Amino acid sequence: LLGGRPTRAAVEGKAKCQPSMLLVNVRSGKIIHSFKCLSKKQSKENISGGTPIVTTLEQSPAVDTIAVGTSNGCVHLINTLHDVKLFTLRHKSKHPKLTNLNSVSSISFRTDGNATRQGVAPLAVGCDDGSVSVWDLTPVEDEKSGVTQRTLLTLMEGTHYGGVSKLEYLPGEPLLLSTGLASNSILLHVFDAPDHSGRILRQRKGHMSPPQLLRYLHPGLGGGGILANASDGTDASSCQILSCGGKGDLSLRVFSTARSNLDKEYSQGQGLERKARQFGKVGPEGRAELLLPEIIGLSTSEARSRDWGDLVTIHRNHAMAYVWSTKRGAQSGPVLRQPHWNISAMKERPPRSANATSLAISACGNFALVGTLGGVVYKYNLQSGLPRGSFPRDATSQTVEEEKRRKKGLKFAGDVGRTMRILEKHSMKGGITPSDIDQAERERVSYLEVEAKRNAMIQKASHEDAVVGIAIDSLNKTMVTAGADSKLVLWSFQTHMPHKKSPILLPSPATKMCHVRDSDLAAIAMNDFGVAVFDCSSLAIVRFFGGSRFNHSPKERISHSGPISDMAFGPDGRKLFTSSFDGSIRVWDVPTGLCVDWMSFSSPPTSLALSPTGEFLATSHVGRLGISLWCDKSFFRMVLLDGTPNEASKMNEPCPVAECEQESANDAVAQVVASTFAKKDDRGDDANEDEAANDGIPPVAKEVGLITLSGLPPGHWKNLFHLELVKERNKPTEAPQKPPQAPFFLQWREGLETNTGGANDG
């Protein structure tokens, strides 16, 4: 059966209206029958306007009966043997503004025995507005009008955002499987209630838009991969990935690489969908108005995860930071903000310079530091959410409350006038003498000189642009900040004063920074597509990877050719992974300063995360809803590093069917299969040619004086050093002896066989 829409000429009345459903013999390619029951006259019973289109067909359990779904929200039950329309089920969206979202997208019949025993014949209908309607096809006669009608058993609204893609009842089970068009979810509903209503039994959900930020949950204490069972590194935290949705999907999700049933979305409040319906908000756009803005940064700490929140997030164009609990899976902690910032959206928002741009949590898990667009870093207590100063330390002194205290003449710490009044009071006790006045004046002048030097030092070290990265050492002594003004500043965590060597100027403005506490190294990505590695112990830049610092030709330059999107250190701090919008990921060896691996992708990577064991690499890409997981080959076989790679290795990315165009999906699969077999054939021919060419020819060194490896497994050549010992051990202890002669065939004679059964019978 083929269903479709009438031609444009038929709709305009210029041509004869053709039926919208045909019966075709696929083998011969001939039209067997044209159905007249869905004629132009009958198709005028339209609800939402427009020409009705056949959108879905489904065979019913009854013979010669099918269900036909149309674009105007109607489901027609048709007898194909007699070309008769039996009855029609109509669906209309409850939202008047969304009258075009009631098209039927999928139909499924329930066939289990429980429905038969209950005397119902359920039919599930999915529409483009995301709702699922379950009808009882058992005819019920109205007592007043005498018209036979069908009963609506249940209506599940908002099941899938963007519409229902497919419905399917499992054979012989009261289970309904549903998938969405844009929700990137698959749900399993069970109908076991007396009122025939359904509930979600199982569900698998993902991001509705490509994820923008990936991080492993609790990558070991101190960020160095120290796990609960460090022998094999297989605790549960090493298998969970935090993923932040991009534009259009403001959710924070956790994905488990070991068990998919542990995947979940972190809650941002109770009853958000119910509140959205109360406020008249429809679809994901309406729900998004009640959620926090897009997440641009997050940081975790496992040290105090049992006591209070262990996850902090910052959001785009938002000044406040939010504390989450990974144990509860919800945003349950305090809101990190300054006292004079309004938390209500109805009041004046904080200034744009206060918008958060970077984030870090101390190793002890007690403090969170938030960098801002104006160059100030605020320090908060995670348990109470109260501010604990700023970097520089005078950035939070000019608040509204403190200005009022100054105007009223109240005591305030650090007030020069208060200090002078105390000195005068003490001098008045013993009488005023010229020496006391001179001493007070000298102290005042000395204090002003020290204050001026301190202010000059702070002004020199302070950031003039956004703070793009924050790092704290494992002892909470030193904090490092990188800014978009090309400054790298070291701060004392206790006194909030800059280090005497600050600031350190970078070759180019910084864009990102990552830090590993075990080796106390910080990697700073810059605008020239290069990376600088800063040693927080020696307070010096120890490595440069790529960038415009090296004046090589484009072919010889070992650097990214696009902005760096994300970075991550290996567990031991010896490897640095950098992803770029040029579509590649490079692996740098920090001790030698060389690029040891270069991977290329068809879609540019937007974020990457390295597992605590260093075995797996998770990446997200532009235009892809899924998270790609890659395994390091060096963990299960020997990998020889032959210098810097000259060209990128094209990574073989899996292509989910859901992301292929529906019309060209079969062609794409055929091309992939053909190319795969072609590669195998080419590889097989090349291998045979190489074997034939290398027969009898000893390997030749690349250059004179170099040693060429054999390429054989170690077991073949390691025993050569002990060849004499092996021969001595395998020498036979005695000469071989001839076995005794025996006939090849043994003869059998009747009567010699022992009849055990007869003996037992006797």
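Before reading further, recall that the structure is shown in the block above.
Here is a short report on the structure shown in this document. Counting restarts for each chain, with residues numbered from 1 along the sequence as it is written. Restriction of local features to residues with pLDDT of at least 70 applies here, the model being predicted, together with a cutoff of 80 or more for giving and counting side-chain atom pairs; totals for whole chains, interfaces and linings are based on all residues. Just so you know, side-chain values use all the structure's heavy atoms and leave hydrogens and water out.

Quick look at the overall build of the protein
Reasoning step 1: Numbering of helices and strands runs from the N terminus, with a helix taken as a DSSP run of H or I at least four residues long and a strand as a DSSP run of E at least two residues long. Scanning the protein from terminus to terminus reveals eleven helices and 43 strands.
Reasoning step 2: Summary of the burial criterion: residues with accessible area below 20% of their type's maximum are buried, those above 50% are exposed, and those between are partly exposed, where the area comes from a 1.4 Å probe applied to protein chains only. Counting across all 762 residues of the protein, residues that qualify as buried make up 38%.
Reasoning step 3: Just so you have it, the protein exposes about 44800 Å², and 53% of that area is on carbon and sulfur atoms. Computed with a 1.4 Å probe, the accessible areas rest on the Shrake-Rupley method; for each residue, only the protein chains presented here act as cover.

So, the pairing of strand 29 (residues 478-483)
Reasoning step 1: Within strand 29, five of the six residues are buried, which leaves the element mostly enclosed by the surrounding structure.
Reasoning step 2: Taken together, the five bridges between strand 28 (residues 467-472) and strand 29 define a ladder with antiparallel strand orientation. Within the sheet, the bridge partner assigned to Ile470 lies in strand 29 and is Thr481.
Reasoning step 3: Whether two strands pair depends on DSSP finding at least two bridges between them. Between the antiparallel neighbours strand 28 and strand 29 lie five residues, among them Asn476 with a positive phi of about 55 degrees.
Reasoning step 4: Relative to strand 30 (residues 487-492), strand 29 is paired through five bridges, and the arrangement is antiparallel. Looking across to strand 30, one finds that Ala482 is bridged to Leu488.
Reasoning step 5: Hairpin connection of strand 29 to strand 30: three residues between the antiparallel strands, including Ser486 at a positive phi of 70 degrees.

Some remarks on the sheet that holds strand 23 (residues 335-336)
Reasoning step 1: Read from one edge to the other, the open sheet built from four strands follows the order 20-21-22-23, with strand pairing classed as antiparallel. Sheet topology places strand 20 (295-300) and strand 23 at the edges, where each strand pairs with a single neighbour.
Reasoning step 2: Relative to strand 22 (residues 321-324), strand 21 (residues 311-315) is paired through three bridges, and the arrangement is antiparallel. By the bridge assignment for strand 22, Val312 is matched with Val323.

Overview of the pairing of strand 10 (residues 132-141)
Reasoning step 1: Note: strand 9 (residues 122-127) against strand 10, five bridges, orientation antiparallel. Note that in strand 10 the partner of Leu123 across the bridge is Trp135.
Reasoning step 2: Hairpin connection from strand 9 to strand 10: four residues lie between these consecutive antiparallel strands, with Gly130 at a positive phi of about 90 degrees.
Reasoning step 3: Taken together, the seven bridges between strand 10 and strand 11 (residues 148-156) define a ladder with antiparallel strand orientation. Paired with Val132 across the two strands is Met156, which belongs to strand 11.
Reasoning step 4: Count of turn residues in the strand 10/strand 11 antiparallel hairpin: six residues, of which Gly146 carries a positive phi of about 75 degrees.

Side note on the side chain of Glu294
Reasoning step 1: With respect to the secondary-structure elements, Glu294 resides in the loop between helix 4 (283-288) and strand 20.
Reasoning step 2: Taking relative accessible area as the criterion, Glu294 reaches 15% and is therefore assigned buried.
Reasoning step 3: Any two residues whose heavy atoms approach within 4.5 Å are treated as being in contact. Among all residues touching Glu294, those that are not within four sequence positions of it are Gln212, Gly245, Gly246, Lys247, Leu250, Ile314, His315 and Arg316.

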